[in-house]
Every structure is written in C-alpha cells, then in structure tokens.
Amino acid sequence: MIDLRALRDDPETFRASQRARGADEHLVDTVLDLDARRREALAAFEAKRAEQKSLGRLVAQAQGEEKTELLARTKALAAEVKALEAEASELAQRAEAAAFEIPNLVLDGVPAGGEDDYAVLRHVGTPRDFAAEGVEVRDHLAIGEALRAIDTERGAKVSGSRFYFLTGIGARLELALLNAAMDKAVAAGLTPMITPTLVKPEAMAGTGFLGEHAAEVYHLPQDDLYLVGTSEVALAGYHAGEILDLSDGPLRYAGWSACYRREAGSHGRDTRGIIRVHQFHKVEMFVYARPEDAEAEHERILAFEEEMLDLVELPYRVIDTAAGDLGTSAARKFDCEAWLPSQERWLELTSTSNCTTFQARRLGVRERTEDGSTRIVATLNGTLATTRWIVALLENHQQADGSVRVPEGLRPYLGGLEVLTPVA
RNA sequence: GGAGACGUCGCAUAGUCUGGUCUAGUGCGCCGCCCUGCUAAGGCGGUAGGGGAGCAAUCCCCUCGAGGGUUCAAAUCCCUCCGUCUCCGCCA
C-alpha cells in the first residue's frame with residue numbers, strides 16, 4: 001500500500017514511478033479523484049453524526065412531550081446518517097481498492113524498463129573453463145542422478161511434474177546448505193525462526209502476493225488458507241498490527257521454511273531437474289528497519305548473501321533489477337545470479353528487496369519514535385539459501401570423473417566429506 | 001468434534017444482568033512539575049491508536065477481539081467469525 005498522503009502531496013513522483021515500471025500512470029489520478037470524493041463524503045457523514053450524537057444526549061435527559069418531539073427529529077436524522085455513512089464507506093472502499101492497484105514507489109537509481117533492462121553491478125569469481133580442463137559438462141540432473149541425490153521420476157509419480165525427491169547425499173546436501181545459512185544468520189545477529197507455511201489471506205495480501213501474482217499461490221479453499229511461497233509472508237505478518245521499538249536497531253530475522261509455488265505461468269520453462277519446482281526449502285532473511293536506514297540495511301542483506309555464495313565458492317554476478325521487473329512491494333531489488341555451466345547462462349540464486357514502507361503500511365507495522373508518536377517502518381527481505389543452490393553447486397564443482405568437489409565451507413556440515421562420488 | 005467461561009485505552013481491573021451524565025472510572029507502570037540535605041514516601045498534572053476539517057489555536061468522527069444487526073441511542077441486547085482458558089471425546 002502506497003502512502004496516500006504522499007501521493008496527494010506529490011502525484012508527479014508517483015506518475016514517474018508508474019512510467020518507470022511500464023505501469024498505468026493514470027491510476028494515480030483515479031486514486032487522487034476517489035480520495036478527494038472520499039474525504040468529502042466523510043466530512044458530510046461526520047458532521048451529521050456529530051449532530052445526531054448531541055441530540056441523542058438531549059433525548060436522554062428530556063421528559064414527556066419534549067422527549068417525543070426530540071425523538072421524531074432524531075429518528076429522521078438517523079436515516080440521513082445511515083445513508084451518508086454508507087456513501088462514505090463505499091467511497092473509502094473504492095479509493096482503497098484503487099490505491100491497492102498502485103505498486104510501490106521505485107527508488108531513485110533503479111533502472112527503468114523491463115526484465116532485460118537490469119544493470120549488472122559486478123561479477124564475483126570466474127566461471128571455470130571446462131573445455132580447457134577437459135571436463136565434459138553435465139547438467140545438475142545428470143550429476144544428481146549419478147550421485148543418487150535427485151529423483152525427479154519418482155517425484156512425478158507421487159506428486160506430479162515439478163516435484164522431486166532428494167535422496168541420500170542429496171538430502172544431506174540440502175540440509176548442509178540450509179544449516180550453513182542458519183549458522184551464518186545467527187552469527188550475523190539475526191534471530192532464527194521456523195515459520196508457519198499456511199497463512200491467512202491478510203498475511204498473503206499484506207505482503208503483496210495476492211495482486212497480479214495471485215495465480216502463483218496455492219490456496220486451500222476449505223480453510224481459506226494460503227501456502228506461502230516464501231517465509232517472508234509469515235515473517236512480515238509476525239509483527240502485523242504492532243508498534244515496535246527500533247531504538248536498538250532493526251529487528252532482523254532468518255526464517256527457515258518450505259516454500260510452495262504453482263508456477264502457473266511458466267509452462268515449458270526449466271522443466272528439467274529442480275531449477276523450477278513446486279516445493280522447496282529456503283532460509284530467508286527479513287528485516288524491520290527505520291525508513292531512513294532501509295537502503296543501508298539493503299546493502300547489508302546483499303552482503304550476507306554474497307558471503308554465503310562465497311562460502312560455497314560459486315561464481316556469480318549481482319544485478320540491479322529494472323523497475324518493470326520489481327515485485328508489487330519492492331522499491332528496489334538486487335539479485336545474485338550464479339553461473340550455470342550446462343546452459344551457459346546466469347541463474348538467480350538470491351533476491352533481496354527493499355519494500356520501504358509498502359508492506360508495513362498494509363500490515364500496520366509501526367515504530368514508536370523519540371517524540372512519542374508512531375510511524376510506519378520499512379521492511380526488507382533476502383535469500384540466504386534455497387534448494388536451487390544444489391543445482392549451481394553440483395554443476396560448478398563437477399569433476400572429470402563424475403564426482404563433485406565439496407566446497408570447504410560446506411564440509412563441516414557434511415561430516416568432513418570432501419568429494420561426492422557417483423554410486424555405481 | 002462436543003459443552004462451558006472469557007476477550008475493556010501498556011499491565012491489572014470496574015462497567016455488561018437493568019442500553020442514555022461512559023465524553024470508558026480506578027490502581028500499577030511511565031512522563032513532567034512541586035515538596036524535600038540525598039533517597040524513599042507524599043502532592044499536582046499528563047499519559048491509546050487511526051482518520052477528517054483548519055494557516056493555527058482547536059474542533060469533530062471512528063475503534064471496548066473482528067464484522068454485521070436491533071435502536072433515536074450499544075462496551076452494554078442479538079447473530080456470525082477469530083482467539084484464549086477449562087472439561088469431555090478422539091488421536092498421537
């Protein structure tokens with residue numbers, strides 16, 4: 001939810017933001033108009049309501065004929081009040097619905113344009129030259145099957161396409177990655193959390209996932225609950241409706257959860273292996289910060305992600321996502337993409353969004369300021385590890401003999417194992 | 001799954017039966033001031049959130065778990081939902 005008062009004060013900034021996203025800028029004027037009408041209707045209702053209340057007080061004290069007469073007046077008033085209230089609340093709903101359509105205001109410096117208009121901020125590490133090494137590149141599924149680590153056939157048998165089993169060393173590898181991520185989070189001062197994966201509509205809507213991406217989300221109609229696509233949803237809802245004390249710095253969490261995605265719009269994309277699946281695990285960072293600290297905190301989260309990528313020794317690049325490719329809630333987003341040797345392209349492994357006050361406004365998360373008043377906080381999120389990392393790990397560390405080298409940072413989580421060897 | 005009790009402005013509690021000076025009282029906590037060698041005690045005052053109008057002082061509206069309803073008028077009566085607790089059943 002955008003800041004209506006800010007939109008009223010400076011609509012041009014919002015129009016510019018809409019243009020950068022390739023979204024409809026006239027929506028701003030629709031909201032402006034509805035908001036003006038809403039306030040007008042509200043003032044009319046409130047004036048009439050005040051009259052009704054003061055008259056009501058007289059009724060309580062009056063006796064006999066005077067009372068009868070007052071009752072007649074106040075009875076007529078009641079009908080007017082009811083009508084004005086209905087009008088005001090209808091306009092309030094329409095204004096809010098329109099305001100909900102406007103995605104978050106993009107930050108200065110975010111590249112304009114769509115999916116392909118990202119800016120590459122830097123490259124870290126160098127992809128291996130497999131040809132020079134004499135290694136015939138195999139993709140993660142071929143490697144994973146040889147290691148008896150990934151079983152997509154039985155995943156499909158049990159649950160359908162885009163499901164899989166991680167077996168043996170595959171299961172251990174995922175646990176190793178996620179445990180390493182959790183340890184990293186704890187060392188960095190984040191509070192580890194294991195979160196619900198079924199949430200109420202309010203939590204889902206509050207994080208902005210029921211807008212244009214509603215088709216991506218699993219819904220259980222019998223219980224009106226949603227399966228989360230990320231623990232961000234639960235962690236954002238965690239402090240919903242609360243007034244926080246951020247005087248000792250931001251509140252930083254790391255949520256471990258299963259994630260569920262329908263992948264409704266991605267038929268035919270990444271159908272092989274476990275790159276794009278319906279269910280996976282993730283350790284997600286989530287931060288509540290003061291609005292003026294949000295950009296610094298965003299850099300901090302990005303730094304944690306990069307440290308994690310360094311730990312597993314993956315070559316990657318960092319991109320600054322273009323406005324049109326931002327989620328509804330995000331004002332800026334940095335992705336880290338690891339090199340995928342089998343396809344010779346970059347694969348998103350982490351994504352960190354600065355949602356400024358957009359999510360917190362919907363969810364009613366505020367802080368108590370020095371002067372005793374309250375104001376909306378900023379929220380940020382970022383990936384620390386997911387099941388998908390296994391893909392990049394297997395491919396980048398594969399060796400000529402079909403084995404896979406375990407990066408040193410991960411060895412303590414695999415009982416010191418240095419090499420994953422194919423099962424004969 | 002069944003039966004019952006409960007949900008009030010940070011915390012605790014009054015108010016609900018019997019609708020109207022409830023414009024939600026009181027205690028604790030917190031903040032300011034006074035008193036006072038210091039501290040404690042005591043005294044006085046202030047202490048929820050959201051929204052609207054206004055240059056401002058200020059005024060008004062909404063919120064007593066949430067949403068509806070009845071009524072001239074709802075914390076109070078009725079309905080639905082959510083949550084907490086107790087007991088029973090069922091399952092671990």
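Given the structure is predicted, the values throughout are model-derived calculations rather than measurements. (Residues numbered from 1 in each chain as written. Chains lettered and ligands numbered in written order. Predicted model: local features only at pLDDT ≥ 70, side-chain atom pairs only at ≥ 80, totals over all residues. Heavy atoms only, no water.)

Any details on helix α8 (residues 169-187)? Residues and values, ideally.
With 19 residues, α8 extends 26 Å between its outermost C-alpha atoms, agreeing within 8% with the 27 Å of an ideal straight helix rising 1.5 Å per residue. I169, G170, L173, E174, A176, L177, L178, A180, A181, M182, K184 and A185 are the residues of α8 that are buried. Following α8 by one or two positions, G189 adopts a phi angle in the positive range, close to 95 degrees. (Helix = DSSP H or I, 4+ residues; strand = E, 2+ residues; numbered from the N terminus. Expected span 1.5 Å × (residues − 1). Buried < 20%, exposed > 50% of the residue type's maximum accessible area, 1.4 Å probe, protein only.)

How would you explain the packing of aromatic side chains if you had to name every residue and give the values?
The final tally for this structure, using the stated rule, is four aromatic pairs. Geometrically, the ring pair formed by Y238 and Y253 is edge-to-face, given 5.6 Å between the ring centres and 70 degrees between the ring planes. With Y238 in helix α10 (residues 232-238) and Y253 in strand β9 (residues 251-260), this residue pair connects regions lying 15 residues apart in the sequence. An aromatic cluster is built from Y238, Y253, F286 and Y288, whose rings are joined through pairwise contacts. (Phe/Tyr/Trp six-rings, centres within 6.5 Å; stacked < 30°, edge-to-face > 60°.)

Give me the domain arrangement of chain A: which residues, what numbers.
The domains assigned to chain A are domain 1 (4-100) and domain 2 (119-420). Of note, the centres of domain 1 and domain 2, computed from C-alpha atoms alone, are 43 Å apart. (Domains from an automatic or database assignment.)

Explain the environment of N381 to me, using residue names and the numbers behind them.
Note that N381 resides in strand β16 (residues 378-386). Judged by relative accessible area, which is 4%, N381 ranks as buried. Distance from N381 to L302, taken between C-alpha atoms, is 9.7 Å for residues 79 residues apart in sequence. Non-local contacts of N381, meaning those with residues more than four positions away in its chain, are made with E232, E284, M285, F286, I301, S351, T352, S353 and C355. For N381, the side chain forms a polar contact with the side chain of E232, separated by 3.3 Å. (Contact = heavy atoms within 4.5 Å. Polar contact = N/O pair within 3.5 Å; in protein donor to acceptor, adjacent residues only side chain to side chain.)

Hey, could you go over the sheet that holds strand β13 (residues 345-354) for me, with residue numbers and the actual values?
Taken in spatial order, the eight strands make up an open sheet running β1-β11-β12-β13-β16-β10-β9-β4, and their pairing is mixed. Looking at strand neighbours, the two that pair on one side only are β1 (119-124) and β4 (191-194), the edges of this open sheet. In this sheet, adjacent strand axes meet at a mean angle of 25 degrees when their direction is disregarded. Strand direction decides the pairing type here: β9 and strand β10 (residues 279-289), joined by 10 bridges, are antiparallel. What sits directly across from R252, in β10, is V287. (Pairing = 2+ DSSP bridges. Axes fitted to C-alpha atoms, helices over the stretch in contact; angles between N-to-C directions.)

Describe the nonpolar core, with residues and values.
Where a protein is soluble and globular, its nonpolar side chains tend to be buried together. Within the largest apolar cluster, 58 residues are counted, with the highest numbers of intra-cluster contacts made by L394 and L410. When residues of this core are assigned to their parent elements, the largest contribution, nine residues, is made by α8. Contact partners of L410, with chain neighbours within four places excluded, come to L173, A176, L177, A180, V312 and L393. Listed in part, the 19 residues of the second largest apolar core include M1, L4, V31 and A41. (Core = buried A, V, L, I, M, F, W, Y, C linked by side-chain atoms within 4.5 Å.)

Account for the protein's contact with RNA strand B, naming residues and giving values.
Around RNA strand B, the surrounding shell holds 23 residues, and the nearest of these are R5, R49, R366, R368 and T374. Close to the protein, within 4 Å, the atoms of RNA strand B belong to sugar or phosphate groups at a rate of 75%. The side chain of R5 places a nitrogen or oxygen atom 2.7 Å from a phosphate oxygen of RNA strand B. The side chain of E46 places a nitrogen or oxygen atom 3.3 Å from a base nitrogen of RNA strand B. Taken together, the elements giving at least two residues each to the surface near RNA strand B come down to α1 (4-9), α3 (26-61), α4 (64-100) and β14 (366-368). (Near = heavy atom within 4 Å.)

How would you sum up the confidence of the model for chain A? Please name residues and give values.
Here chain A shows a mean pLDDT of 92. Residues at 70 or above account for 100%. Averaged pLDDT values for the elements of chain A fall to 84 in helix α9 (residues 201-206) and rise to 98 in strand β11 (residues 316-320). In the predicted complex, the global pTM is 0.92; the interface-specific ipTM is 0.83. (pLDDT = per-residue confidence, 0-100.)

Before we move on, could you go through the pattern of salt bridges and cite the residues and values that matter?
Close approach of charged atoms allows side chains of opposite charge to pair. Evaluated as defined, the whole model comprises 30 salt bridges. Here R361 ties to D3 by a salt bridge, and the two come within 3.8 Å at their closest N and O atoms. Taken together, the residues R361 in helix α12 (residues 358-363) and D3 in the segment before α1 connect sequence positions 358 residues apart. For E90, the salt bridge goes to R94, with nearest N and O atoms at 4.0 Å. Taken together, the positions of E90 and R94, both in helix α4 and four residues apart, correspond to about one turn of that helix. Looking at E90, the relative accessible area reads 44%, which means it is partly exposed. The exposure class assigned to R94 is partly exposed, which follows from its relative accessible area of 39%. (Salt bridge = Lys/Arg side-chain N within 4 Å of Asp/Glu carboxyl O.)

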